[in-house]
Structure formats: structure tokens, C-alpha cells
Amino acid sequence: MDLHILDHRLRVTCISKNGLANFTHALIKLIFLRNRTRCKFFSLTETPENYTVVLDEEGFKELQPSEHLQVESSTWLPLNVVSNGNISSSSQAVGVTKIAKSVIAPLAQQHVSVFMLSTYQTDFILVREKDLSVVISTLEEEFNIYREVEGESVPVGCQNVSNVLQKNGKEALHPTVHPVLIPQNQFGVMSLDPDTLPSIATTLIDVLFYSNSPKVDSQSSPNQDLDCIKFFSFSLIDGYISLVMDTEAQRQFPADLLFTSSSRELWRMVRIGGQPLGFDECGIVAQISQPLADGDISAYYISTFSFDHALVTHTRCHRASSVPLQQNATEPSLLDELVKFPPTAKGSRVFLFYSLCS
Amino acid sequence: MSGSKPDILWSPHHPDRYVICDSELGLYRIGPVGGTETKPGTLPLSEETAATLLAINSDTPYMKCVAWYPKHEPECLLAVGQANGRVVLTSLGQSHNSTCKELVGKEFVPKHARQCNTLAWNPVDNNLLAAGLDKHRADFSVLIWDISSKFAPETSVAAEKIRISTVDLDSSMVVTKPLYELGQNDACLSLCWLFRDPKLLLAGMHRNLAIFDLRNTSQKMFVNTKAIQGVTVDPHFHDRVASFFEGQVAIWDLRKFEKPVLTLTEQSKPLTKVAWCPTRTGLLATLTRDSNVIRLYDMQHTPTPIGDETEPTIIERSVQPCESQIGSFAWHPSSQNRMVVVSATNRVMTDFTVFERISLAWSSTTSLMWACGRHLYDCAEDSAEGAESTVEKDIATKMRERAQSRYGHDTLQVWRNHLLAGGNDPQLKSLWYDLSYILYVSHMKQCAEDMELKLQGNKQSLVYSGIKNIIRTSSGTTESRRCWIGSDRQTDVPRFSSEERCLALRLCGWISRGPDIDVETFLRSLEQEREWERAAAIALFNLDIRRAIQILNKGATMEKGDLNLNVVAMALSGYTDEKSSLWREMCSSLRLQLKNPYLCIMFAFLTSEPGAYDGVLYESSVAVRDRVAFACMFLSDAQLPHYIDKLTNEMKEAGNLEGILLTGLTKDGVDLMESFVDRTGDVQTASFCTLKGSPGEVLKDPRVQCWIENYRNLLDAWRFWHKRAEFDILRGKLDPSSKPLAQVFVSCNFCGKSISYSCSAMPHQGRGFSQYGVSGSPTKSKVTSCPGCRKPLPRCALCLMNMGTPVSSCSGPGKSDEKVDLTRENKLSQFNNWFTWCHNCRHGGHAGHMLSWFRDHTECPVSACTCKCMQLDTTGNLVPADSS
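Since this is a predicted model, take the numbers as computed values, not measurements.

Analysis parameters
Residues numbered from 1 in each chain as written. Chains lettered and ligands numbered in written order. Predicted model: local features only at pLDDT ≥ 70, side-chain atom pairs only at ≥ 80, totals over all residues. Heavy atoms only, no water. Helix = DSSP H or I, 4+ residues; strand = E, 2+ residues; numbered from the N terminus. Buried < 20%, exposed > 50% of the residue type's maximum accessible area, 1.4 Å probe, protein only. Areas by Shrake-Rupley, 256 points an atom, 1.4 Å probe, with all protein chains shown as cover. Contact = heavy atoms within 4.5 Å. Buried area = accessible area lost by both parts, 1.4 Å probe. Salt bridge = Lys/Arg side-chain N within 4 Å of Asp/Glu carboxyl O. Polar contact = N/O pair within 3.5 Å; in protein donor to acceptor, adjacent residues only side chain to side chain. 1 Å grid on protein atoms, 1.4 Å probe; cavity = no way out; pocket = protein on both sides within 12 Å on 5 of 7 lines; lining within 4 Å. Points joined across faces, edges and corners; volume = space filled by probe spheres on them. Pairing = 2+ DSSP bridges. Axes fitted to C-alpha atoms, helices over the stretch in contact; angles between N-to-C directions. Core = buried A, V, L, I, M, F, W, Y, C linked by side-chain atoms within 4.5 Å. Phe/Tyr/Trp six-rings, centres within 6.5 Å; stacked < 30°, edge-to-face > 60°. Expected span 1.5 Å × (residues − 1).

A. Quick peek at the overall build of chain A. When you go through chain A residue by residue, the secondary structure sums to seven helices and 20 strands. Within the span of chain A, comprising 358 residues, buried residues form 56% of the whole. If you sum the accessible surface of chain A, you get close to 15,700 Å²; carbon and sulfur atoms cover 48% of it.

See below:
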């Protein structure tokens with residue numbers, strides 16, 4: 001398998017809900033006027049808390065500094081796994097599940113923080129530029145690593161042997177267990193012909209900027225677990241458009257314009273984190289994706305500025321809930337899949353996340 | 001969608017139908033412009049053709065690509081690839097007959113929706129339709145659908161799941177299971193089936209070109225490249241493929257797939273279409289965005305005889321079919337070099353034929369050929385002989401004819417050469433007479449030691465140096481006033497004479513020997529040639545007015561004579577030297593109306609003042625020799641050189657060969673000859689002429705050598721090898737320095753000495769071609785052995801006799817003759833006995849034997865030698881065009 005380090009230098013930013021008005025001009029330009037900017041990588045994800053914008057340096061120039069704009073200080077590089085079509089995977093699963101064991105777990109072990117961005121077309125694994133040497137040394141056994149420079153793929157050899165031993169951060173702690181939230185609404189992962197973008201411009205603007213969802217206040221009422229949350233993601237990467245939205249939003253778009261899989265599967269969301277996760281903690285994606293991979297369950301994974309979001313097949317996720325359990329009181333016999341989170345430093349809550357096969 | 005890029009497809013079976021697809025599909029029929037009445041809905045495409053819209057189909061939105069079903073039936077079935085990856089079969093302008101109905105409306109749906117970039121029907125197995133899609137995660141991007149598949153088993157399930165889609169389709173028309181899935185985890189931007197094997201599919205994937213084999217789908221052959229768009233196979237050369245990336249076209253050879261065999265010069269704007277011309281080999285048309293020209297690349301691979309891998313030459317040119325920017329174009333499938341072009345906006349169409357380049361070739365025998373498209377034109381010189389064609393023959397034709405008539409080879413009667421040249425060129429006539437007088441005079445001096453002409457030694461070369469130089473050395477001119485012959489009247493015309501002037505007159509041909517100026521012989525010869533006017537004029541200039549009148553009379557009374565000559569004679573007889581007479585006045589004005597220049601100058605002479613003979617001297621239609629002779633008689637020492645110089649320069653400038661009389665064969669003469677060659681290209685005359693009369697310095701002139709070499713090359717090109725040999729022999733006689741030194745010697749295998757040592761009387765001097773042969777005297781006993789060491793010479797591979805033995809007998813009918821010939825002693829030196837051998841295998845023998853062997857064989861006569869000796873010689877199989 002090949003791992004490509006793509007030729008984008010990305011910034012991860014966050015626009016607060018109140019400050020959106022300051023940025024609409026820049027965002028509309030980035031979304032609809034592709035020819036006016038040199039931005040090649042743009043992703044906008046609306047969550048109840050804020051808007052997460054991931055974009056390359058060309059695009060970043062469009063955003064005016066403001067009190068409403070938070071910027072993660074480091075530069076991120078997107079990685080992409082190409083299976084070359086040679087390995088006919090036995091697994092039918094798609095998404096992060098395929099790379100959970102080969103990429104995400106080793107990086108977590110090396111304490112490399114990753115920022116995941118799944119799209120309709122592929123999964124991007126964003127790593128900090130400073131971690132790149134560790135990433136390369138960690139993954140070069142498993143992958144042929146190529147760095148893309150101006151359209152050419154250049155093989156990357158093992159040039160930084162000294163960095164192999166240098167691990168990030170402290171020795172492995174047991175990772176923190178985060179609470180998860182599984183809202184009721186169902187999501188679709190879709191694409192769009194970029195040429196048809198103008199014809200849905202008004203709808204898209206409406207959904208992105210004028211969605212005052214009444215149920216948005218999930219943070220203040222933790223018991224609204226089962227309610228719907230507002231989640232909308234739009235990305236335009238190398239000319240490809242990807243959309244993630246719930247069925248509610250989908251209804252506003254003309255049906256024949258959106259591309260999706262012929263099975264038209266729907267996905268349930270698992271939101272990870274009670275408090276904003278920050279960017280330094282490692283292993284969160286690994287925690288989620290590893291068990292899913294064990295169970296060969298397809299999943300998408302979208303990180304945002306505050307929380308992470310996993311999307312799990314609706315059909316495979318008949319019941320997903322957060323059940324407080326005693327530390328040892330697992331009942332594997334009852335469950336098809338058991339995800340057991342080790343105790344947190346703080347205490348006692350264990351979340352069980354499972355999925356039943358239908 | 002309104003902004004979509006238009007494209008054109010020609011019907012694979014109807015040469016007059018095409019489809020334009022932009023936001024909808026429009027079927028057009030192309031035909032000749034229908035006279036004056038233009039039907040509504042007819043769009044003019046060019047001056048001759050117009051298109052009629054037959055049908056419109058706007059059933060399929062979001063079209064991304066279209067491909068026309070290649071089979072005859074149903075004839076107008078199109079596959080449309082949509083933005084969401086679905087491929088729909090649709091038709092245009094068809095009454096829904098049964099075969100069509102089954103297929104039209106059928107949809108092929110990929111698992112994950114994404115743009116369909118390209119479609120390609122299999123050219124052999126027409127049920128197979130390949131679709132190239134954008135990337136979607138680990139899904140396949142090349143799907144091959146079987147359009148005849150009834151319905152997929154999952155269809156019903158899939159139909160259930162359609163919740164969002166409002167498209168309500170007959171579920172049996174939806175196919176979701178492709179026959180083959182290829183190109184996992186990749187994007188496919190362009191596709192084409194390979195002609196060389198219909199199981200092979202060439203795909204332009206994301207950053208690589210891949211060849212998929214349907215018999216083994218897990219394997220693929222690929223090469224990493226950026227040039228992955230618009231892959232297309234050359235219909236004439238199935239291993240040649242073009243693809244492009246942005247502004248650059250790459251040409252691939254599938255047999256050597258590692259890298260492009262060619263990349264064409266990069267365009268500043270990105271390309272949008274690249275297409276091979278189906279009617280002409282190696283012609284590739286390319287179109288860039290926002291452009292109104294189509295760029296054509298003509299790739300012709302010319303195999304060289306050496307067989308080297310040479311880069312094909314590419315001729316690049318642009319055509320502009322219409323004023324507006326071009327949206328797309330399509331070559332007509334059968335009409336030669338024809339295409340239809342559609343504009344980027346407003347669907348303006350143009351019918352356009354690319355005019356073929358014209359290539360042209362001269363043959364060495366003056367016929368001309370040119371090719372344009374598939375037509376070959378041969379243009380030979382009109383050889384209508386009877387009709388006295390008004391157009392003069394090309395100089396090459398003339399030279400060729402003259403070479404055949406042995407022009408230039410008559411060394412005894414040099415003047416006859418102008419007859420060999422055809423005898424109708426006054427300049428050549430003058431030239432050869434000049435040369436013949438020069439040679440005659442110099443000959444006289446050399447041999448006959450003509451006492452009268454005995455001049456100083458340095459005058460010898462003077463003969464060659466022309467009248468210009470002869471006059472310059474003139475000294476001791478005597479002036480005399482003579483009477484009119486046959487009358488006592490004293491003339492006031494001074495006449496000059498000197499030894500040099502006399503020589504000049506001889507060179508002019510007026511007199512044969514001096515110093516007495518007696519033109520009677522010359523006059524008689526002119527009378528014989530019926531040149532009455534000239535003879536009369538010359539008689540008059542010799543102050544013999546009676547003789548002149550007599551000549552004119554004779555001319556008038558001869559058969560077919562001109563009676564006007566009598567009138568002239570009468571006028572002449574009225575001559576009076578009175579200055580103010582009516583006769584004088586009338587003659588000086590009326591003479592200008594006389595057509596014949598000689599008659600004209602006669603009166604000019606009679607009516608002009610002594611020493612002022614411009615009317616005679618500058619009458620350009622009078623032969624130079626006569627004018628010069630006249631000048632020599634009547635111009636003073638002061639006037640004469642001035643006049644001669646002026647005339648010489650005039651001749652040199654005009655390249656007039658008559659001027660050779662003045663310049664002689666000196667450097668001046670070569671200058672004159674140069675302007676003659678520049679004007680006519682007649683290197684033949686120049687070569688012979690400079691060879692004929694010349695002392696050494698002239699032959700050393702590089703221009704002269706250049707003419708001679710060019711003439712020899714010309715003879716070679718005409719395959720006049722015998723003529724060339726004759727010329728070389730002549731040249732060797734006249735210019736001994738031109739003889740090539742012996743370059744090839746046959747050396748003895750044993751002692752290494754040349755075997756020709758004792759064969760000739762002068763053993764240490766090269767003797768040209770005789771080196772090759774055994775040219776020694778036949779009386780010599782041991783011609784079959786080396787004269788140096790007495791060891792035998794090698795044996796002929798055919799007769800197995802030692803070389804030096806005369807060719808005994810040849811097979812064939814000529815046998816008896818041969819034997820008779822053998823008795824002749826000189827036979828030994830004939831060509832049949834020459835040594836000859838192959839430079840490659842070194843086998844050989846008697847030239848005669850070898851010639852007859854290779855008449856029937858290609859291989860070397862030595863057994864077990866497989867050398868194809870004769871084929872190694874590129875000119876070996878050519879026959880000389882002159883048989884002599």
C-alpha cells in the first residue's frame with residue numbers, strides 16, 4: 001500500500017457562530033468562486049458549537065484575523081492511503097476502518113496527534129508538519145511513502161533515522177475516556193458535480209449560514225443525547241466536492257443532483273468528547289476505530305475544532321447508547337461488539353458502545 | 001446545464017449525419033446547399049454544404065460524455081455518461097422499433113455516484129461499454145457494462161432503497177452489476193479500446209496510463225505520467241496512442257510503453273481535444289481552450305535505408321476553420337481530411353476540409369510530380385515537335401538531348417558542334433564558330449608555321465585571349481583611303497589596318513589569311529547560305545558597292561528570293577557622297593524602316609560621317625562578329641579599344657556567348673560564361689567550351705571546375721554513364737591534370753606488390769582503369785601469375801581459373817561469337833577479364849562471369865557464402881540510360 005503526503009499545507013481554524021458574518025464573504029468566495037482563489041483544499045464543518053474551517057495557506061489568506069477566528073498554531077499535512085487496487089481487501093468496510101490498524105493505531109502509539117477528515121471520495125489523515133519525520137519512520141515499514149511535490153510523486157526514504165526513537169510526549173498513559181453522544185438524526189455522505197454548484201448555491205448558502213436550528217443547544221442539556229444535533233460538512237478538495245448532512249438538510253437539495261452510493265446508506269453519528277478535545281491528545285481516533293475495525297464496521301470520521309465525530313452505518317448500528325457500567329461488569333455474551341473504555345483519570349464512568357448486527 | 005462544453009460525434013455508418021451534444025443532443029444531416037431556396041432550419045456550414053436539424057433529445061440532463069453505438073442496428077443509439085456516473089442509453093430520431101426499444105432507456109448505475117468522465121464502446125464486442133468514473137474511495141473507477149444483460153438480480157433490492165431519488169424508472173431497465181470492475185482506488189479520466197486486441201483497454205487513470213486485459217483483470221500494465229487525458233489510438237497504426245496533459249501532447253508506442261516516444265511542443269493554453277485523422281495516416285489535430293485555430297501535426301515516419309531509429313519528422317501547422325472560438329471538432333469518418341467544427345458558444349457549425357500539403361519532386365529527366373492528398377500528378381514537358389511549340393524547352397531537356405547527340409565531342413570540325421546542339425541557337429552557333437576560328441588560327445600558327453602569320457612567341461596565347469586583348473596590343477596602324485572598287489571616285493572614308501586588326505578579322509571569320517583583306521571567299525560562302533543581306537553589307541564595307549548590288553540582285557532573282565532586294569539594290573546604286581543630296585537625306589531617315597538590320601546598317605554606313613558609325617556599331621541585331629570586324633576596319637586606334645571595351649562589358653553583363661569573340665577564353669571569358677550559366681543554367685556548353693580552347697589558367701578557375709563537376713553529376717543522374725566516361729576521356733585529353741590518380745591497386749596475396757607492375761609498359765605509372773585489369777600484352781607468357789613473385793593470381797570463383805586467364809566461354813547464346821572474339825588478342829584487355837570482387841565477402845573473379853552470375857542470383861557464387869553481394873551495391877541494379 002502507498003501512503004501519499006499530499007502537497008497541501010493546511011491550517012485548522014474555527015469561526016465562532018457569532019462571528020460568522022465577518023467571514024461570509026471569504027467563505028462564499030472559497031466555496032463558489034474556485035477560479036478566483038488558489039485554494040485547493042477547503043473544508044467547512046458546522047457543528048452546534050462553531051464552524052471548523054480547514055484550508056490550505058492560499059485559502060487561509062482570505063480569512064481576515066478577528067476575535068471570532070481561532071487558529072490552531074501548527075501547520076498540518078494531509079496523508080492519504082492508496083491501496084493501488086492490488087490488495088483485494090476481504091473487508092467490505094469502508095472509511096477509517098480500513099486504515100485503523102495500519103495507520104491510526106501505530107501513530108497513536110507514537111503519540112502523534114491526528115486530525116481526521118473523511119470525505120465522500122477518501123479519508124484524509126492530517127498530521128502536524130513537525131511530526132512528519134516520526135510519521136514517516138513509523139509508517140515506512142508498512143507503506144511505500146510518497147511525497148507529492150507539484151504534481152509529481154517523490155518516494156520518501158528513511159532519511160531521519162535519529163527521529164525514529166524520538167517519541168512524542170510522555171510515555172504511554174492510558175488514554176482518556178471521553179463521553180460520547182449519539183444523536184438521533186441520520187446522515188448521508190454525498191458528492192456533487194462541481195459544475196452544478198452554481199445551481200444549488202442558494203440552498204447551500206441557506207443551509208450553511210442561515211440554519212438556526214432550534215435544537216442546537218446540546219451542551220447545556222446533556223440529557224438531549226437522543227436528540228438531533230446540527231452537523232453539516234462541506235469540503236472542496238482538489239476539485240472534488242463532498243457533503244455530509246442529515247436527512248433533514250438533504251431534503252432541501254434537488255435529489256438528482258447529489259451523488260451517493262447506490263445503496264443510499266444512512267449513517268448514525270457518534271460524537272466524541274464532553275469537553276473540547278484540543279489538539280494535543282492522541283489516540284482518540286484509535287480508540288474508536290480499532291474496535292470498529294475488529295468488527296469490520298464501516299465508519300467515517302470527521303474531526304472538528306472541538307469534538308470528533310464518527311459516522312457509523314445506520315444498518316449496523318441498531319442500538320448505540322451510552323450506558324454507565326461498573327468497571328468490570330461487562331457482558332460480552334450479550335453483545336456482538338464491545339467497546340470497553342478504560343477508566344479515566346477522573347473516575348468511574350465507562351461508556352459502552354456497541355453495535356448489534358441486524 | 002447551459003455552460004457545458006459542446007462536442008461533436010459523427011455517425012459511424014451514415015457519412016452525412018452527426019450529433020452535437022451540449023446541454024442536449026441534436027442530430028444533424030449534412031448535405032449540399034439546396035440551390036436558391038433555403039429551407040427553414042437549414043444551417044449553412046460552408047459554401048457548398050448545409051446542415052438540417054433532424055432531431056433533438058433533451059431527456060438526459062447533466063451529460064458529461066457521449067459515445068455512439070458502433071453497430072449498424074440500431075443505428076442511432078447513444079450512450080450518455082452523466083454527472084452522477086450513470087450511463088443511459090438513448091436514441092435520436094428513431095421510430096421506436098423493437099431492437100431499439102429494448103435498449104433505449106437502459107441505465108447503468110455505479111455503486112457510488114460520481115462523475116462519469118468517459119465512455120468507450122468495444123469496437124468488436126459491441127455489447128461492451130466501458131465507462132470511466134471519478135475516484136471514490138476504494139471503489140472501482142473503470143466499469144465495463146454489458147448492454148445486453150437483462151437485469152441485475154439486485155435490481156429489485158436497489159429499487160427499494162431508492163428513497164431520495166425521484167427518478168421513477170422501470171426497474172428492469174436499471175443495471176447495477178457491471179461485467180468487469182477495474183481500476184480500484186483510482187480515477188479514470190479517459191478510455192479507449194485497443195484495436196490490436198479487443199480485450200485490451202487503455203485507460204488514463206489518475207497520474208498513470210494503464211492497460212487492462214479483460215482476460216486477467218487482476219493484472220495491469222501501467223506507466224506513470226501526467227499525460228492521461230484524451231487517450232486515443234491511431235486508427236492507422238494500432239500501437240500508436242496520443243494522450244495529453246494541460247498543453248502538452250504525448251505520443252506513445254504501446255510496444256515501448258515506458259515513456260512517450262514523442263512529446264509535442266507545449267501550448268500555452270490547456271488542450272481540450274486531440275484526435276487522429278481517420279482518413280490520413282499520422283495526422284493529429286489538437287484544440288486548445290479559447291482558441292480559433294486547430295493545430296495539426298503531421299507525423300510521417302520515413303524509414304531510412306540504413307534502418308536507423310530516426311525521430312519521425314513532424315510538420316506542424318494551424319488551420320482556422322472559422323472566425324469564432326472553437327468549442328470542439330470532429331473528423332469526418334470517411335471524407336478525406338474533412339471535419340465539422342462547432343463554436344464554443346451559440347452552436348455555430350462549420351464544415352471544413354483541411355487542405356493537404358503539396359509535395360513536389362523533380363525527376364532528373366525534367367518531369368515534375370506533385371502529390372496532394374491521394375492524388376498524384378505527373379507533369380512532363382510537352383514534346384510536341386511538329387507544332388514548333390512556342391515555349392522553349394527546358395535547358396535540362398536540351399542538355400540531355402544534346403548529350404545524346406554527342407554535342408561537344410566533335411573536335412575536328414568544332415563549328416559542327418552547334419549543329420549537334422540542334423543548330424537553332426544563334427549564340428551557340430556564334431560560340432562554336434568563334435572557337436573553331438580560334439582553334440584554326442592557333443593551329444595554323446602551331447603547325448603550319450604560316451610565314452605570313454609568324455608573330456612573336458607571346459602572340460601564341462594572344463589568340464585565346466580574344467579580340468579585346470589583341471586590339472590592345474595593336475601597333476603600327478596604317479591609315480589608308482581607298483577608292484570604291486570599280487570606280488575612280490575617291491572616298492573620304494579612312495580605313496585602318498595592322499597585323500593585329502588583320503588577326504581580329506580572321507577571328508571574326510571575314511578573311512582566312514592576311515594581310516590582304518580579301519573577303520571574296522567569305523562572301524561566296526555567305527551566298528551559299530543565302531545570307532544575301534549580310535553578304536551585301538560585308539561587300540559594301542569592303543567598299544565594293546558593285547559587288548553588293550550584284551549580291552542583292554542575285555538574292556532577288558533566286559528561287560523564293562525577296563524581290564525587295566532589287567529595290568534596295570536600286571537605292572544603293574544611287575549612292576552619292578554629296579553631303580546635301582536628297583538621296584542622302586532620304587536614306588538616312590528611311591533606313592530606319594528597313595526590317596533587315598544588315599540593309600539598315602548599309603545605309604547607315606553610307607550616310608554617316610567618317611569616324612562616326614554609331615548607327616552601325618550599336619545596331620544590336622547585327623552579329624557581334626560583323627560589328628567587331630567593321631570596327632576593326634573603320635575605327636581609329638583611339639576609338640577602337642573604347643568601343644571594344646564597351647561592347648565586351650555589354651556582352652559580359654548579358655551573358656551573351658557572342659562576346660567570347662571579344663573576351664576569348666580568358667578570365668574575362670569565364671566571367672562572361674558565368675553570367676551565361678547564371679542566365680541559362682547550361683553547364684554543358686560551359687564545360688565543353690572551357691575545356692575546348694583553354695590554356696591551363698582558365699581550367700583552374702573554381703567556377704570552371706564547378707561547371708564540369710556539375711555536368712558530370714548531371715550525366716550520372718541521367719544514368720548516362722557511358723556519356724560521362726566519354727566526357728571524362730575527352731577531359732583527360734584536353735586537361736591532363738584532371739586525370740585521377742590510381743586509387744585502387746590489385747596487390748598480390750603473396751608478395752603484396754601491385755600486380756600491374758609489369759603488366760604495362762611503364763610499370764611505375766598509374767594507368768587509370770587499366771589498374772583493375774590485366775592489360776599487359778597477351779604475348780607475355782605468365783599473365784596468370786604475379787609479376788613480382790611469380791606466384792599464381794587468385795582464382796575466379798566461377799570458372800576456377802587463375803585470374804589473368806581470359807574469359808573462356810560464357811553460357812548462353814553468345815557462345816560461338818565469344819569464341820571467335822577470343823582469337824583476337826585485344827580481347828584480353830576487355831572488361832570481361834577485369835578483376836572484380838565484393839568488398840564485403842571478398843569473393844570475386846572475372847567481371848564478365850560475375851555479371852552473368854548476378855543476373856540470376858543474389859547470393860555470392862562461392863558455396864557456403866551467403867553474402868548478398870549485389871544488393872549491397874545501391875546502384876548495382878541500375879541500368880545505364882544511354883546505350884552505347
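That was the structure; now back to the text.
B. Seen up close, the interface of chain B and chain A. Counting from both sides, the interface comprises 28 residues of chain B and, opposite them, 37 residues of chain A. Summed over both partners, the interface of chain B with chain A buries about 2,700 Å², with 48% contributed by carbon and sulfur atoms. Taken together, the links from chain B to chain A amount to three salt bridges. Asp193 of chain A serves as the salt-bridge partner of Lys64 of chain B, at 3.1 Å between the closest nitrogen and oxygen. Counting across the interface, chain B meets chain A through seven residue pairs in polar contact (both at pLDDT 80 or more).

C. A look at empty space enclosed by the protein. All names here are of chain A. According to the stated counting rule, one finds nine cavities of 30 Å³ or more in the structure shown. In this structure, the largest cavity occupies an estimated 140 Å³ of space. If you trace the largest cavity, you find 18 residues lining it, with Ser113, Val114, Gly278, Glu281 and Asp308 closest to the centre. Put simply, the parts of the chain that give the lining of the largest cavity at least two residues each are β7 (114-118) and α7 (284-294).

D. Main features of the sheet that holds strand β8 (residues 87-91) of chain B. Residue and element names in this part refer to chain B. Sheet architecture is open: five strands sit in the order β6-β7-β8-β9-β13, paired in mixed fashion. Across the chains shown, the open sheet's two edge strands, defined by having one partner strand only, are β6 (63-68) and β13 (174-175). Where β6 meets strand β7 (residues 77-82), five bridges bridge the pair, whose relative direction is antiparallel. Counterpart to Cys65 in the pairing with β7 is Gly81.

E. Spotlight on the sheet that holds strand β3 (residues 25-32) of chain B. All names here are of chain B. If you walk across this open sheet you meet the five strands as β1-β2-β3-β5-β4, and the pairing is antiparallel. Each end of this open sheet is capped by a strand with a single partner; those strands are β1 (7-10) and β4 (42-44). Taking the axes of each pair of neighbouring strands and ignoring which way they run, one obtains an average angle of 30° across the sheet. Across three bridges, β4 lies against strand β5 (residues 49-57) in antiparallel orientation. Along β5, the bridge assignment pairs Pro44 with Ala50.

F. Quick peek at the nonpolar core. Ranked by internal contacts, the top residues of the largest apolar core, which has 104 residues, are Ile467, Trp510, Phe605 and Val628 of chain B. Look past the residues within four positions of Ile467 of chain B in its chain and what remains in contact with it is Ala504, Leu507, Cys508, Val628, Ile644, Leu661 and Leu662 of chain B. Counting residues in hydrophobic clusters, the runner-up holds 39 residues, among them Val96, Val103, Val127 and Ile288 of chain A.

G. Structural detail: the packing of aromatic side chains. Residues and elements named next belong to chain B. Applying the stated rule across the entire model yields 32 aromatic pairs over all chains. Geometrically, the ring pair formed by Phe630 and Phe634 is tilted, given 4.8 Å between the ring centres and 40° between the ring planes. Here the residue Phe630 and the residue Phe634 both occupy positions in helix α16 (residues 624-634), the gap between them amounting to four residues, near one helical turn. We note that Phe630, like Phe634, is buried. Plain terms: the ring middles of Phe688 and Tyr711 are 5.8 Å apart, the flat faces sit at 65° to each other, and that makes the pair edge-to-face.

H. The arrangement of the environment of Leu292 of chain A in detail. Residues and elements named next belong to chain A. Looking at the secondary structure, you find Leu292 in helix α7. Under the relative-accessibility criterion, Leu292 is labelled buried at 5%. It is 9.6 Å that separates the C-alpha atoms of Leu292 and Lys98, two residues lying 194 residues apart in sequence.

I. Broad picture of the environment of Phe187 of chain A. Residues and elements named next belong to chain A. Assignment of secondary structure puts Phe187 in strand β12 (residues 186-192). According to the relative accessible area criterion, Phe187 is buried, its value standing at 0%. Not counting residues within four places of it along the chain, the set of residues in contact with Phe187 comprises Ile229, Phe231, Val244, Met245, Asp246, Glu265, Leu266, Trp267, Met269 and Leu311.

J. Region of interest: helix α23 (residues 721-734) of chain B. Taking 1.5 Å per residue as the helical rise, α23 of chain B with its 14 residues ought to reach 20 Å, and the 20 Å between its terminal C-alpha atoms agrees with that figure. Residues of α23 of chain B that are buried include every one of Lys723, Phe727, Leu730, Arg731 and Gly732 of chain B, and no others.

K. Layout of helix α25 (residues 847-856) of chain B. Taken together, the buried positions of α25 of chain B are Ala847, Gly848, His849, Met850 and Phe854 of chain B. Looking at the buried residues of α25 of chain B, the elements they touch are β35 (835-837), β36 (844-846) and α26 (869-872) of chain B.

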